[in-house]
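# Summary of the model geometry
Each chain, written out:
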Amino acid sequence: MANRTDDAQAELDSVEAELEMVELQISELLEKQTKLNSRKNKLLKNLEGACSSAQPSGSSKAPKQAPFSKQDLKHYEKSDFSWSKEVQTKLSSVFQLSKFRPLQQAAINLSMSGKDLFLVMPTGRGKSLCYQLPALCSKGFTLVIAPLVSLMEDQLMSLKSNNVSAVTLNASSTKEDSKQVLAGMIDTNSPFKLLYVTPEKVAKSKLLMSKLEKAYNMGLLARIAVDEVHCCSQWGHDFRPDYKLLGILKRQFPNVPLVGLTATATSNVLKDCQKILCVQEPITLTAPFNRPNLYYEVCFKDNVDCIDQIAALIRGRYKNQSGIVYVFSQKDAEVVATDLQKKDILAQPYHANMEPADKSLVHQRWSSKKIQVVVATVAFGMGIDKADVRFVIHHTISKSIENYYQESGRAGRDDGPADCIVFFGFMDIFRISTMVVMENTGQQKLKNMIAYCQNLDRCRRAMMAIHFDEVWNDKECNQMCDICRHGNDYITMDITQHARDVVEVVEMAGSMDEKLTPLKVCDAWMGKGPAKRRKTIKVTSLSRLEVESIIIHLLLHGYFSEDFSFTPYTTYFYLKLGPKASLLKNGSHSITMKMRRVVSPATVKKVSESAGGKSSAKVEGKRPADSDNKKSVAKKVKTLP
Ligand SMILES: Nc1ncnc2c1ncn2[C@@H]1O[C@H](COP(=O)(O)OP(=O)(O)OP(=O)(O)O)[C@@H](O)[C@H]1O
Ligand SMILES: [Mg+2]
Ligand SMILES: [Zn+2]
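Okay, so let's go over this structure. (Residues numbered from 1 in each chain as written. Chains lettered and ligands numbered in written order. Predicted model: local features only at pLDDT ≥ 70, side-chain atom pairs only at ≥ 80, totals over all residues. Heavy atoms only, no water.)

## Re the overall build of the protein
Helices and strands together make up the secondary structure of the protein, namely 23 helices and 20 strands. For the protein, buried positions account for 55% of its 641 residues. Put simply, 76% of the contacts in the protein that link residues at least 6 apart link residues at least 24 apart. (Helix = DSSP H or I, 4+ residues; strand = E, 2+ residues; numbered from the N terminus. Buried < 20%, exposed > 50% of the residue type's maximum accessible area, 1.4 Å probe, protein only. Contact = heavy atoms within 4.5 Å.)

## Focus on the coordination of the zinc ion (ligand 3)
Around the zinc ion (ligand 3), the protein contributes the donor atoms Cys 459 (SG), Cys 477 (SG), Cys 481 (SG) and Cys 484 (SG), which lie 2.2 to 2.4 Å from the metal centre. For the zinc ion (ligand 3), the four donor atoms in the first shell make angles of 103 to 117° at the metal, a pattern classed as tetrahedral. All donor residues of the zinc ion (ligand 3) come from one chain, and their arrangement in sequence is C-x17-C-x3-C-x2-C. Since its relative accessible area comes to 2%, Cys 477 is described here as buried. Residue Cys 484 is classed as partly exposed on the basis of its relative accessible area, which comes to 26%. (Donors = N, O, S within 2.8 Å, 3.2 Å for Na, K, Ca; no water. Tetrahedral: all angles 85-135°; square planar, octahedral: opposite > 155°, others 65-115°.)

## Focus on the packing of aromatic side chains
On inspection of all chains with the given rule, the structure shows 18 aromatic pairs. Their ring planes at 45° and their centres at 5.7 Å tell us that Tyr 404 and Tyr 452 sit as a pair that is tilted. Taken together, the residues span a long stretch of sequence, with Tyr 404 in helix 15 (residues 401-408) and Tyr 452 in helix 17 (residues 442-454) at a distance of 48 residues. Accessibility assignment for this pair places Tyr 404 and Tyr 452 in one class, buried. Through a chain of ring-to-ring contacts, three or more aromatic side chains come together here, namely Phe 68, Tyr 76, Phe 81 and Trp 83. The positively charged end of Lys 386 is found above the aromatic ring belonging to Trp 366, 5.5 Å away from the centroid. One Lys or Arg, Arg 460, reaches over the ring of Tyr 452 and ends 5.4 Å from the middle of that ring. (Phe/Tyr/Trp six-rings, centres within 6.5 Å; stacked < 30°, edge-to-face > 60°. Lys NZ or Arg CZ within 6 Å of the ring centre and 35° of its normal.)

## Let's talk about helix 23 (residues 544-556)
Its 13 residues give helix 23 an end-to-end C-alpha distance of 18 Å, which sits within 8% of 18 Å, the value for a rise of 1.5 Å per residue. All of the buried residues along helix 23 are Arg 544, Leu 545, Glu 546, Val 547, Glu 548, Ser 549, Ile 550, Ile 551, Ile 552, His 553, Leu 554 and Leu 555. Once helix 23 finishes, Gly 558 follows within two positions and takes phi at roughly 85°, a positive value. (Expected span 1.5 Å × (residues − 1).)

## A few points about the site of ligand 1
Around ligand 1, 16 residues are found, and the nearest of them are Lys 99, Thr 123, Gly 124, Ser 128 and Arg 413. Within the backbone of Arg 125, one N or O atom sits 3.4 Å away from an oxygen atom of ligand 1. A distance of 3.1 Å separates an oxygen atom of ligand 1 from a polar atom in the backbone of Gly 126. Notes on ligand 1: free accessible area 640 Å², of which the protein chains cover 81%. Residue composition of the shell around ligand 1, by class: four nonpolar, five polar and seven charged. (Near = heavy atom within 4 Å. Polar contact = N/O pair within 3.5 Å; in protein donor to acceptor, adjacent residues only side chain to side chain. Areas by Shrake-Rupley, 256 points an atom, 1.4 Å probe, with all protein chains shown as cover. Nonpolar A, V, L, I, M, F, W, Y, C, P; charged D, E, K, R; others polar.)

## A word on the sheet that holds strand 14 (residues 418-424)
The sheet built from six strands is open, its strands ordered 9-14-13-10-12-11 with parallel pairing. Looking at the sheet topology across the chains shown, the edges are occupied by strand 9 (294-300) and strand 11 (347-350). The average undirected angle you get between the axes of adjacent strands in this sheet is 20°. Direction of pairing for strand 10 (residues 322-326) relative to strand 13 (residues 389-394): parallel, over a ladder of five bridges. What sits directly across from Val 325, in strand 13, is Ile 393. Across the sheet, helix 13 (residues 330-342) lies against strand 10, strand 11 and strand 12 (373-376), angled at about 175° from strand 11, the strand it touches most. (Pairing = 2+ DSSP bridges. Axes fitted to C-alpha atoms, helices over the stretch in contact; angles between N-to-C directions.)

## Observations regarding a nonpolar patch on the surface
On the surface, Val 22, Ile 26 and Leu 30 cluster together to form a nonpolar patch covering roughly 250 Å² of accessible area. Here Ile 26 is to be found in helix 1 (residues 2-49). (Patch = residues over 30% accessible without salt bridge, like charges linked within 9 Å, V, L, I, M, F, W, Y side chains within 5 Å. Salt bridge = Lys/Arg side-chain N within 4 Å of Asp/Glu carboxyl O.)

## Points about the side chain of His 395
Along the chain, His 395 falls in the loop between strand 13 and helix 15. Its relative accessible area of 5% is what places His 395 among the buried residues. Contacts of His 395, omitting those with residues within four sequence positions, involve Lys 301, Asp 305, Cys 306, Ile 307, Ile 310, Val 325, Tyr 326, Val 327, Val 336, Phe 423 and Asp 428.

## Side note on the nonpolar core
Grouped together as the largest cluster of nonpolar side chains are 84 residues, with contacts concentrated most on Ile 397 and Tyr 452. Dropping the residues within four chain positions of it, Tyr 452 is found in contact with Tyr 296, Val 298, Ile 401, Tyr 404, Val 422, Arg 460, Met 463 and Met 464. Membership of the second largest hydrophobic core comes to 41 residues, among which are Leu 73, Ala 106, Met 152 and Leu 194. (Core = buried A, V, L, I, M, F, W, Y, C linked by side-chain atoms within 4.5 Å.)

## Focus: the packing of helix 3 (residues 84-93) against helix 5 (residues 129-136)
At their nearest, the axes of helix 3 and helix 5 sit 10 Å apart, and the two run at 115° to each other. By crossing handedness, the relation of helix 3 to helix 5 is classed as right-handed. Counting all contacts with helix 3, which are made through Glu 86, Val 87, Lys 90 and Leu 91, the residues of helix 5 involved are Leu 129, Leu 133 and Leu 136. Of the residues that constitute the contact of helix 3 with helix 5, the class distribution is five nonpolar, no polar and two charged. (Left-handed = near helix turned anticlockwise from the far one by under 90°.)

## Topic: the pairing of strand 16 (residues 560-566)
In terms of burial, strand 16 is largely enclosed, as five of its seven residues are buried. Bridge analysis of strand 16 against strand 17 (residues 571-577) gives seven bridges, and the strand direction is antiparallel. In the sheet register, Ser 561 faces strand 17, and the bridge partner there is Lys 576. Joining the antiparallel neighbours strand 16 and strand 17 is a turn of four residues.

## A short note on unusual backbone geometry
The phi dihedral of Asn 478 falls on the positive side, at around 60°, and the residue is not glycine. Accessibility expressed as a relative area gives 52% for Asn 478, which makes it exposed. Positive phi is not limited to glycine here, since Gln 479 has a value of about 60°. Mapped onto the secondary structure, Gln 479 falls in the loop between helix 18 (460-467) and helix 19 (482-486).

## Topic: empty space enclosed by the protein
Under the counting rule described, the total for this entry stands at three cavities of 30 Å³ or more. In this structure, the largest cavity occupies an estimated 50 Å³ of space. The element contributing the most residues to the lining of the largest cavity is strand 18 (residues 592-596), with four residues. Of the residues contributing to the lining of the largest cavity, the split by class is four nonpolar, two polar and two charged. (1 Å grid on protein atoms, 1.4 Å probe; cavity = no way out; pocket = protein on both sides within 12 Å on 5 of 7 lines; lining within 4 Å. Points joined across faces, edges and corners; volume = space filled by probe spheres on them.)

## Regarding the environment of Glu 548
With respect to the helices and strands, Glu 548 occurs in helix 23. Residue classification places Glu 548 among the buried residues on the basis of a relative accessible area of 10%. In this structure, the C-alpha to C-alpha distance between Glu 548 and Phe 426, residues 122 residues apart in sequence, is 6.5 Å.

## Focus: the packing of helix 16 (residues 426-435) against helix 21 (residues 518-525)
Remark: helix 16 packs on helix 21, axes separated minimally by 10 Å, with the N-to-C direction vectors making an angle of 150°. On the basis of the axis angle, helix 16 is roughly antiparallel to helix 21. The segment helix 16 lies against helix 21, with Phe 426, Met 427 and Phe 430 engaging Pro 518, Leu 519 and Cys 522. Of the residues contributing to the contact of helix 16 with helix 21, the split by class is six nonpolar, no polar and no charged. (Parallel < 35°, antiparallel > 145°, perpendicular 65-115°, else oblique.)

What is shown is where atoms sit, not what they do.
What follows is the structure, encoded as C-alpha cells:
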C-alpha cells in the first residue's frame, strides 16, 4: 500500500514538474510572439513609409497632418527658397564646407520654413550645422539647449574659429558675462547668433525665462534647438531629469520652430520626447543609421589582459594615427595609459576626476596630434569632434548598444576608413553589471551589449539595426564587420549536459548556503575550487574561454541570473539559478549555442597595417578559445566536444 502511495506521489511530482516546464515554455513562446508581433508592426510601418534611403516620416500623433512624403522631402531638398542663396554662401564662406551631407539641406530648409523637426542622424554626420547655419541666416538668435558644459564649450570654440558669434550662459558664467548676454538677447542688433544653455538653466533661471519672453515678443527668438534630445526620455540612454521641464519652451513660445537632434533614438523614445517637449506635429527626418566607413570587430580578451593586443594594434595597424581607447573606470584610464606609455605609445588618460585645465590640455594635445591616443572613460564623450579618428578601441565593453554606437561613432567623422574594436572580457561583464545595478533597464541593456559581443554568426550592423528598429539588409555591410568578412568560424554545439553540470555547481553551493561569484563558478567547474567542493563536482574538460562562453550564454538566456549583494563599499555579483534552470531537469530539453572554433595561434594571422583594410584579417584578439590550455595548441583546429 505504502509503495503504491509512494509511486503515485513520485508520479505526481514528476507530472507537476513537467507542467511547470510546460508553463515556462508557454510563457517563453508568448514572449516570443509579442516580440515578433511588435517587430512585424515596425517592419510594416517602415515599409509603408519607406522612401529612398532616407526615411522622413510624419508624426504618428498627428493624424490631421498628411505624412511627410518622398515628394515633400524632394521639395525641401531644393535650393530655390528665398534663403537658399544666403545658406549656400555661408556654408562655404563661414563653415568652409563645399556641399551638404544627406538630409542636412532638407533639415535646414524645413527649419527655415518654421517647421518643428526631429533630426535623427548618426553621430558625427553633422547635426550641428542644421541649426547653426539657419541661425546665421535668421533675424535674432537661436537658443541651443545642450546637456554638458564641456560640449557647449567645444562648440563655442569651433564656432569662434569660424568667426561666428556665439555665447553661453551656465553655472560657471561670471556675473558680468551673464549681464552682457542677457542684455544681448533683447538687442535688435543681435550681438550673437547662438545662445547655448543647459537644461538646468532653463528650468531654474527666471531671469533667463523673462528675457526669452521679451526677445520672443520682439521677434528675436529665431529658433530653439534641443541637442541630444533623447535625454528627455527615461527610455533614452542618457536621461536627464531637467530635460523633462523643457516643455515650457514650446508652451511659452509656440511660434518659434524647434529642432530636436539626436544620434540614437528609437521611435518610442522620439514619441516620448515629442510629448515632453509639447511639440504638436513635428516632422521626423531619419538618416540611415549606418556608417559605411566604420569597420566593427569584437576581440576576446585572453586571460591576462589585452594591453599587449591593443598596443600591437596601435603600433601596427594604426601607426601614426589618432584614436581613443575607452576604459571602464578612472583608475583603468590611468593604468592603461601608463601601460601604453611603457610600450612607447604617446597616450594620456582623460576622466571626469581630472582638473578641467588638464582635461582640455589632453584634448588639445590629441587634437593637434601631439599625442596619439586618449585613454578615456565615457567622460570623453559628447561633443568630441576630431575628424580623423582612425580607431576607437574599447578596452572594456560599453554598458549598452546605444552607448557603444555613440562612443564608437567618434571614429571616422571625415568619412575615411576607421575601426571600432571591442575587447570582450568575461570579468568586465560583472563589473559593469554592478555599476548599472540601480538603473531600471540597466541589466537588459547590458545583456544586449553582451549579445552583440557574444554573437558569432550575424552581421554586427544587423545586430545594431535590430536594436534601433532599422530595416537592414546584411549585404549593405559590405564586409565591414568581422563576421561578414571572416564569417562561419564557429560550430554549433549542444551544451545541454554542460549546462546541467554547471547549474549543478551553483545549485550545490546554494545547498551549502554558499554564494558563488562567476569567477568561482568557473573555477569550481574546472576543478580549481576548495577541496570539499571538488569532491562533489563533475569537473569539466572544457577550456577556460569555453566555460566562460557557456556561463555567459546561460546568463543571457535565463538559466542563470544575477544575485547582487550590497555592502557599504561595494556591490557583489553572484550567480544564482535563473527562471529557466528548472527546464534542465526535463530530459527532452536541449540547449545549443554557437561556439568559436578553437584555432591554434599558428593559424591566427598577425595584425596588418591598414585601418579597415580588407587585408586586416584577424587581429591578435582572436585568440584560440583554449589559450590557457597550452598543450592543445599544437593541433591546428580542434572541434569542440
Ligand atoms: N556637409 C559637411 N561636409 C563635411 N563635413 C561636415 C559637413 N557637415 C558637418 N561636417 C563635419 O562633421 C563633423 C561632425 O559634425 P557634428 O558635430 O555636427 O556631428 P553630430 O551629428 O552633432 O554628432 P554627435 O552625435 O556626435 O553630436 C564636424 O567636424 C563638421 O564640421
Ligand atoms: Mg552633436
Ligand atoms: Zn557585417
